[in-house]
Structure formats: C-alpha cells, structure tokens
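# A look at the structure
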Amino acid sequence: MDKRFTRRLIGTVVVCAALLSVGSSATAAVPAEPEKPVTIDTLGPASAVTSTSVAEQVGDRIWTVTSGVSPVQVGAFDPVTRTVDRKLALPTGAGAWAMAHIGTDLYVGLYTPGDVYRIDTATGSATKVAQFGSFIWSIAATPDGKIVAGTYPDGAVHEYDPASGTTKSYGAAIAGEQYVRSIAADATTIYAGVGTKAHLIAIDRATGDRHDVLPAKYADRTFVATLTLSGSTLAAGLSPTGTMLLFDTADLSNPVEVQTPGGDQYVTAITIDPPTGDVYLGTRPSGTLYRYRGTTLTPLGSPYDGAYFNRIFVDGSTIRAELTSQVVDFDEATATFSGSDLGQAGLPPAPEQAMGIAATETSVLVSGKAGIQVHDLATGTSTRTFLPGEAKTLTPVGDDVYLGVYTLARLWTMKPNGSGLHELGQIGNEQTRPTDDAYDARSRTWLIATEPDYGKYDGTLTEQHLDTGVREVHRGVVPHQSVRSVTTDSGIAYLGGATRNSLGTTPILPEATVVAFDLRSNRTLWEVAPLAGAQSYSDLLTYRGKLYATTDDGRLAVLDPHTGKLLSTVVLGTSQSRLTIARSGLFGTDSQRVFQLVPNREGAPTVTTVVDGLAAQIYSYPLITTSPTGDALYTIKGRDLVRIGNLPREK
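Throughout, a residue's number is its position along its own chain's written sequence, starting from 1. In view of the model being predicted, local features appear only for residues whose pLDDT reaches at least 70, and side-chain atom pairs are presented and counted only at 80 or more, with totals across whole chains, interfaces and linings using the full set of residues. Think of the side-chain values as coming from all heavy atoms in the structure, minus any hydrogens and water.

Paired strands are those between which DSSP finds at least two bridges. Secondary structure elements follow DSSP: runs of H or I no shorter than four residues count as helices, runs of E no shorter than two count as strands, and numbering proceeds from the N terminus. Here four strands make up an open sheet; going across it, the order is E50-E51-E52-E53 and the pairing antiparallel. A strand with exactly one partner marks an edge of an open sheet, and here the two such strands are strand E50 (578-582) and strand E53 (606-612). Within this sheet the neighbouring strands show an average axis-to-axis angle of 30 degrees, counted without direction. For helices, the axis comes from a line fit to the C-alpha atoms of the stretch in contact; other axes are also lines fit to C-alpha atoms, and the angle between any two N-to-C directions lies between 0 and 180 degrees.

The subject of this paragraph is the pairing of strand E28 (residues 318-322). Note on exposure labels: buried denotes an accessible area under 20% of the residue type's maximum, exposed denotes more than 50%, and partly exposed covers the range between, all computed with a 1.4 Å probe on protein chains only. Counting buried positions along E28 gives four out of five residues, so the element sits mostly inside the fold. Pairing of strand E27 (residues 311-315) with E28, which is carried by five bridges, proceeds in the antiparallel orientation. Bridge pairing in E28 places Ile-312 opposite Ala-321. Once E27 ends, the chain turns through two residues before running back antiparallel as E28, passing Gly-316 with a positive phi of about 65 degrees. As paired strands, E28 and strand E29 (residues 326-331) are joined by four bridges and run antiparallel to one another. In the sheet register, Ile-319 faces E29, and the bridge partner there is Phe-330.

A sheet is described by the order of its strands in space; here four strands give the open sequence E42-E43-E44-E45, paired in antiparallel fashion. At either end of the open sheet lies a strand with only one pairing partner, and these are strand E42 (482-489) and strand E45 (523-528). Geometrically, the sheet is characterised by an average inter-axis angle of 25 degrees between neighbouring strands, direction not taken into account. One ladder, built from five bridges, connects strand E44 (residues 514-518) with E45; its direction is antiparallel. Among the inter-strand pairings, Asp-518 is bridged to a residue of E45, identified as Arg-523.

So, on to the pattern of salt bridges. In the sections that follow, a salt bridge refers to a side-chain nitrogen of Lys or Arg positioned within 4 Å of a carboxyl oxygen of Asp or Glu. Within the structure shown, the criterion is met by 30 salt bridges. A salt bridge links Arg-410 to Asp-305, with the nearest nitrogen and oxygen atoms 3.9 Å apart. Taken as a pair, Arg-410 in strand E36 (residues 410-414) and Asp-305 in the loop between strand E26 (296-301) and E27 lie far apart in primary sequence, 105 residues in all. Since its relative accessible area comes to 2%, Arg-410 is described here as buried. The shortest N-O distance in the salt bridge between Arg-643 and Asp-631 comes to 3.7 Å. Here the residue Arg-643 occupies a position in strand E56 (residues 640-645), and Asp-631 occupies one in the loop between strand E54 (624-626) and strand E55 (633-637), the gap between them amounting to twelve residues. Since its relative accessible area comes to 33%, Asp-631 is described here as partly exposed. Each of Asp-60, Arg-61, Asp-78 and Asp-85 takes part in a single network of salt bridges with overlapping partners.

So this is what it looks like as structure tokens:
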C-alpha cells in the first residue's frame, strides 16, 4: 500500500519552517491566519467492476451472478445474440460462488449471508428458500431433485428439499476443517471436497455415515477445490499442485491421476462430456484450457494470460467457457478464442469493495477484483485496467507503480495511466496473499509482506531489488506468524506479525510481535510483543523518530525504533487502522473516520477526528494514501473515492 509521503519533502518543510522562525525574531509578530475548513471532494465510485465467480447453463442461456458488488446481479447470457437479455437483482448477499439447476429452476448460493435463492428462469422471479450460515461455497443438484450445499466456516454439508421446503444438515464433513469448497452428489452419496487440509469425504445420504476417499499420498494438498460428477466418473481438482483425479464411483480406491504441466496450481473448472467421456479443464495461473481424452492431456489454448475459468460448457463441437467477466467460444479448427465482455453485453460494472489505493502525480489507482480503476486527476474520469488477480498492495516508485497481487503472491508493475502491465514474478514459498509493502529508497528495494497459503504457516518479507531484479525471500522472519505490515527507515525494515498465519490455521503464539530487520545484514535486530493480547499489527509507520504500530483491535503503540521499547499507547477505536504521512502531519483511518495523530513531549499522541461518517465499504484493510505533494489525502467513503484537502496543521 502506498502510504509513505516522501521524507525529502518533509525535510524541506522542516528546514523552511526553521528559516521562517529565525526571520521572525527581527520583525513584529504577525497574527496567524485562521485555518480553512477541511474540504471533501467526491471523485466517483472508487472501483467499478463486472466480476463473476460461477455460471450454470439452463436451456439455451448461460446464467451467471456478480460478486463483490451490491446489489448482487443475476444475468442470463444468450450465446446467439451475445447479450445479457435477462437480469434481476437479489436483495441480500455480497456475491456467489455456487449455482445449480433442477429443470428450469436455478439455485444460487450466496455469501454474507449464506442465502439460497430459487430463480424461476421462465418468469425471472427470485425466492429465498433457505439459509446455510454465512458463506456457501458450493451447491449441487441430486438425481432425486434436492439441493446439497457446502459451507464455511463450519465446514458442513446441508440439504434443501424443494418439494417439501425443508432442510437438513449432515454436520461438519470432517472435524477440524472449515471449508467444503466443492460438492457433488449421486443417488446414494454426497461427495464433499474439503480444505484447508485436503479431504474428499463420501457421505451416505441415508445414514450420514462418511469416510475419506482421498488417497493418503495427496494429504499434503490444501484443497479438493473442484468436483464434477458425470455418470460414474467423479473428477476432482487438487490445490496447490494443479492435479486432477478421476474416480470410478463404483470403486473409489484407485483414482487416475492427471497432472497439468507448467507449474499451474489450480484446476478451477472441470466438465465431462457424457457422449465422448472427454474431460475439459481450466487451470491457473496460466489460464489454459485442456482436454483429457483416453490417457492424453492436450492443451487447447488460453483466451488470455491468467484467465480464470468459472465453468466450461460442451455442446457437440461447441466448447464455451464463462470467465471472470467474459463468455468465450473456442474454435478447435483454428485454436482461437472469441469472447464477449459481460459488461458490454448488458451486465454493467457496479461499485465494488475496494482493496488497495495509491496516488501518483496524474492519477489515483484503486484496486479490486480482476483490475485496477485508474482515476485521471486532470479529466476527472476513470478507466479500468484488467489484472489477472487482485492487487492487495500498490506503491508508486518513479514512473512506475508496483503491485502485490493475490493469488499466488504475484508481483507486477504498470504505468500510472494503467498501461504497460508486466509481471515480474512470484514470491513462491507457499505464499499467496500480499498484505502490505513499502519502498526503501536508499537501496532501491521494494519490500512486500505476505501471508501463506490456506493451512500453511510463516509469512515472508520479500526484497525485490529494482536496480538488479534480484528477489530475496525471508520466510519466518516474524516467527510463527504471517507478516501483516511493513515499513522501512534508514535500511531497517519494521515488520508487524499476525498470529493467525493463514486461513484454516490455529495460532501458535498467544500474541503478535513486531520485528526490526536489518536489510543490509539480513538479521533481526529485535523482536517485541508491545501490547498484551494483540493478535495482529495492521500497520506500522515511522514518524519523527518513533515507530507507530496499530492493532486490529483499535490500539496504537508508540515504540522506540532502536530498541522496540514501548513509549506510549492510546486507543484509536475498536478495529484496525492504517496510517499515512502528509505535509501537515500524521493521519490515519479506521474506515469510519479520518483522524490526526499529534505527538506530545510526554505521553501518548493526541488523537483528533478530521472527517467522520465515512462508512467505507472496503475489502479487508482500511485504505488511505497521501498525494505526492503531501497536501491532500485520498480515502474511501461508502464505495466512493474522496479527496480530503485543507488538512489541519499540528498544534
């Protein structure tokens, strides 16, 4: 995240202030001008997107549903006219990963909350028929006309009977796991794909008895993330090795392994063509469509680098796929793809929950699902740059902007106008989620903090040396934690830990720590746990010779950067905060307000609210950044990007 205002400008301001102070001693005192009120300018939706995660074909239409926008939009795409000719909004939910159909009735499983809607595709009416917790990851239709669902965080399997309107729960698929990421069912058995430690659980629909059918040699995988059942063939996709297993449901003991080549880690979609038995699958990060025929796996091509296949449809010689924001057709004769953008087809972009923010001289960049919204400061307009992933961190350096991208902890660079998108590489080391970053100007090093993959331990500090291209990865530098935050000063990286490590893990430590790490010698200088009970340090920043650290439970610790000694502490609120330095001082936000922190000679800094009532609808971390000149802040209000000017000076 770009949150460090240039120290050179701060130094210039301090020197100028000193010169003015000397000159004033020889002249009469001039009354100070009253401060102008803070200004707030709305620059439009921070990030707007058409992003989907699932699709289902009912009759001659491909139905899909948006994610991360409100309200959730369900649309039907006509492959003949290449338009979304039916559309409806759902009154609840933040998005969907799950769809299935019974006849002409489409069932959609939502998250936040885990509502199930039945959509009559003939009339376009939608009815809420069930709720299974907070997050539905997967649903499937049974041959006898029921809907089964897999949920998070209870890791459970549920059933809805449309005939009677009743529900039942089979309970947790396996004790200790939170995710039923994929699901399939036949007349007698429900198959539940589990993570973060991979299991494939076969549940007897009549008795509820269950057993794990995933061979022991695959127990080191994180997820059985994809399941497809056709006849007696059950296909399963395993993460993070990009492996597909083909089971015969009559004998589940000896599946056929199909390993995708080239380092792909995810099989995101699998479809079995019943007439031929051919299996089609899509992989990430390459975005490749494969066909498995007999015993041969053949790459058919990729619509674009990083394509995410939500669903693959096969109808005779027609191969079609629904992606994040497109529907594409594959022409096997020419080995080419032709696509239709869903936004242009009639499912227009809508404001989403922003994920990252950065300001350059010409633009403000806001990241979200599968792209970056580029706000042109000169014209007041915005455009969107596609990105195969989600930029969790954005940091301008010179004429470039550096991006830390989820998943796979990929590192990218682009120009401030959205052009020139280029991948630098991946962090690897089982890392998936960049959490924070900083730039060390002295060594021209971009620092990235990361969280490991689901179910894994120990995050990293990565040094990407911009002058040489060399990448150094330090795993476990914050012991037994993920690395949640990073800042740098005079060649020292300060790192904030998070005890959770990654989703699906149990904390090892009772409280999070802060670490000082010497970038020149690659050694830890000190490690402290400054605040009792703190589980995560959501941000770190050095200011006027002190290290400021915020926690996820709303506290601020002020530390001595040389020793880690706790100097003072103050309560900021009840949740996580992010900090940034502007020309007039130190500021921060907790997504509800923007506040100023004014250091005192003794004790804790004074906290003053600058702007209240933001009610920012962001994805995870609070977002705030400073303009390159230091005279304004950019943050999120609701789902809009706002500029805050006339910032108050420290008193």
